[in-house]
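Observations on the three-dimensional arrangement
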Amino acid sequence: MLLNWVLIIGATLATVGFAVLLSRRSSSSGSGAAASDKDFLLAGKSLSAFTAAGTLCATYWSGHAFVGSVGTGYAYGYTQIMAGASYIPPLVFACIFMAKFLKKKADKMGSLSIAEYAAQIHGSKAVHGLCALANACLMFVLLITQFSALGTLLSPILGIDGSWIVVIIGGICIVYTMYGGLKTVAYSDIIMAVGMTIGAAICLIYVFKNTSLGELTSALNAVDPELVNPSSGAPYGSMKFGALLIMPYALFGLISMPYTATRFLSVKNDIKWWKFGAWCCVFAMFWEVLPFVGNYIRAFGPVPGKPDDAMAVFLSTYMNPFFSAFVAVFIMMAIRSTVDSVLQSISSSISYDLRKIFVGEMSVEKSMKINRAVVCIVGVVGICLNFFNHPSFLVFLGTLGSGTLSAIMFGPIFISTFWQGNKYGAIASMIGGGLVCGYGLASGAMMWTVAPLMGDLVAAVLYVVVSMATFKICPRAEFKSAIVGD
């Protein structure tokens, strides 16, 4: 047990230290609060294709892939393999073909956050405030899922209650996110992305060392034929191939959600977009076959307390203590990568967006103090809430937060990149899309990908229809580098 503690805490501190050293090697040009915000929020727009791919993928997958998707694979069988594969094409497409348009517009307007980007396109403080509040609130749901995944994974390995593990590891995440901003987060993420890939490879080697794909399929079929040849796409959709709905869901979300879209704004101006997409593909291909671990536990392993415990059961049952802790280090990195990114995203909404709306510009010292204080407060509240039980699937809770946020931001971010509406269309889109998706998921009336896509559809229709109906009283705003009052 002592060895496990040394490996996990030592790896955490070593990753943070190395990331801090790397992040100090580059800084944005300029001085003052604007340059300080640019460094904290967008890493000085200095990320290479490899680093940007690592931080984007590590942020987007994390506990979903290593704990949540394994648990969903345990419960739903091969449907989760199809779901995982469905994330890769939209990821590559977004990186190579769509991100450049978002970055070009954001650079032209001087946007330092996605909420500010939406506000400048629509010339509205109301749009700015709604985007910032939506991001802060719904990213908080995602933060809770990552903390929960961290405790679920490490509790049987370290031998203490998962909530106290969250206090220790989460506290470390809070500290380095407070002082480094996105730059330190990004460099930490790329280290973790490499570790995550190694961890995924080790898990898969253990699975297929003990069984073949044919034997696994036969064993699952004996447990329940639905695990191998499902009659529906549950939990993603009612159709047999409902998991394929993840393709449009992922594409829209990658561009619309602030915590992922920010990565596109943070890259170097001379980045090779095809390299960005290629590196993302490499990382994702390893991680998206991890549901085989859940399939293996369902076919041959002991019954976990709940599906999301499947990865922890696999590590404690089929690996010796050293390798179990070794792989847990890499999986912990996956979860930490999203914790720090979500913390940074929430803090940017509160300490930059809302501050800019209600307070205005301020000194570098005061700006950084506020940034860091918000990270600390948000992180501590998230840790405290983790002492309460969360019975739902981690993948579901993650979808509730990120899917609803994607539906809210779909009109003012995704659609406006190609067709510009006005502030009334943006506000109607945000309210309508968010309500449809949130209600569909929370009530169980719609499946996991259907609700966000229905929210996106409603958001798009409202954005276009309301904008066209109100153009006479509120024309399209001209692009500006400062927000125009309502």
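Refer to the structure above for everything that follows.
Residues numbered from 1 in each chain as written. Predicted model: local features only at pLDDT ≥ 70, side-chain atom pairs only at ≥ 80, totals over all residues. Heavy atoms only, no water.

Where helix 6 (residues 114-122) meets helix 7 (residues 125-158), the axes come as close as 8 Å, and the angle between the chain directions of the two elements is 160°. Of the possible angle classes, the one that applies to helix 6 and helix 7 is roughly antiparallel. Considering how the two elements wind past one another, helix 6 and helix 7 form a crossing that is right-handed. Along its contact with helix 6, which presents Ala-115, Glu-116, Ala-118, Ala-119 and His-122, the element helix 7 presents Val-127, His-128, Cys-131 and Ala-132. (Axes fitted to C-alpha atoms, helices over the stretch in contact; angles between N-to-C directions. Helix = DSSP H or I, 4+ residues; strand = E, 2+ residues; numbered from the N terminus. Parallel < 35°, antiparallel > 145°, perpendicular 65-115°, else oblique. Left-handed = near helix turned anticlockwise from the far one by under 90°. Contact = heavy atoms within 4.5 Å.)

Here we come to helix 7. Its 34 residues place the ends of helix 7 48 Å apart at the C-alpha level, agreeing with the 50 Å of an ideal helix rising 1.5 Å per residue. Burial analysis of helix 7 places 26 of its 34 residues in the buried class, the great majority of the element. For helix 7, the capping residue at the N-terminal end is Ser-124, with a side-chain oxygen 3.2 Å from the backbone nitrogen of Ala-126. Two residues or fewer past helix 7, Gly-159 is found with a positive phi of approximately 75°. (Expected span 1.5 Å × (residues − 1). Buried < 20%, exposed > 50% of the residue type's maximum accessible area, 1.4 Å probe, protein only. Polar contact = N/O pair within 3.5 Å; in protein donor to acceptor, adjacent residues only side chain to side chain.)

Moving on: the packing of helix 7 against helix 14 (residues 310-318). Between helix 7 and helix 14, the least distance of the axes is 8 Å, while the angle of their chain directions is 25°. Classified by the angle between their axes, helix 7 and helix 14 sit roughly parallel to one another. In terms of crossing hand, the pair formed by helix 7 and helix 14 is right-handed. Of the residues in helix 14, those in contact with Thr-152, Leu-153, Pro-156 and Ile-157 of helix 7 are Met-311, Ala-312 and Leu-315. Residues of the contact of helix 7 with helix 14, tallied by class, amount to six nonpolar, one polar and no charged. (Nonpolar A, V, L, I, M, F, W, Y, C, P; charged D, E, K, R; others polar.)

Taken as a whole and judged by the stated rule, the model has two cavities of 30 Å³ or more. Size it by volume and the second largest cavity reaches roughly 120 Å³. Going through the elements one at a time, helix 6, helix 7, helix 11 (258-265) and helix 15 (321-358) are the ones with two or more residues in the lining of the second largest cavity. With six residues, the single largest contributor to the lining of the second largest cavity is helix 15. Looking at side-chain class alone, the lining of the second largest cavity contains eight nonpolar, eight polar and two charged residues. (1 Å grid on protein atoms, 1.4 Å probe; cavity = no way out; pocket = protein on both sides within 12 Å on 5 of 7 lines; lining within 4 Å. Points joined across faces, edges and corners; volume = space filled by probe spheres on them.)

In this section: the packing of aromatic side chains. Scanning all chains against the criterion turns up 20 aromatic pairs. A centroid spacing of 6.2 Å and a plane angle of 75° characterise the contact between Tyr-78 and Phe-292, whose relative ring orientation is edge-to-face. Taken together, the positions of Tyr-78 in the loop between helix 4 (62-76) and helix 5 (79-109) and Phe-292 in helix 13 (residues 291-300) put the pair 214 residues apart, joining distant regions of the chain. For the pair shown, Tyr-78 and Phe-292 are each scored as buried. For the pair Trp-419 and Phe-471, a centre-to-centre distance of 6.0 Å together with 50° between the ring planes defines the contact as tilted. Of the two residues, Trp-419 is situated in the loop between helix 17 (394-414) and helix 18 (423-442) and Phe-471 in the segment after helix 19 (450-470); the sequence distance between them amounts to 52 residues. Residue classification places Trp-419 among the partly exposed positions, given a relative accessible area of 28%. Ring pairs connect the aromatic residues Phe-50, Trp-279, Phe-283 and Trp-287, which therefore count as one cluster. Seen from the ring of Tyr-74, Arg-298 lies directly overhead, with NZ or CZ sitting 5.3 Å from the centre. The lysine or arginine in question, Arg-476, covers the ring of Trp-419, its NZ or CZ lying 5.0 Å from the ring centre. (Phe/Tyr/Trp six-rings, centres within 6.5 Å; stacked < 30°, edge-to-face > 60°. Lys NZ or Arg CZ within 6 Å of the ring centre and 35° of its normal.)

Taken by themselves, the reported measurements are silent on function.
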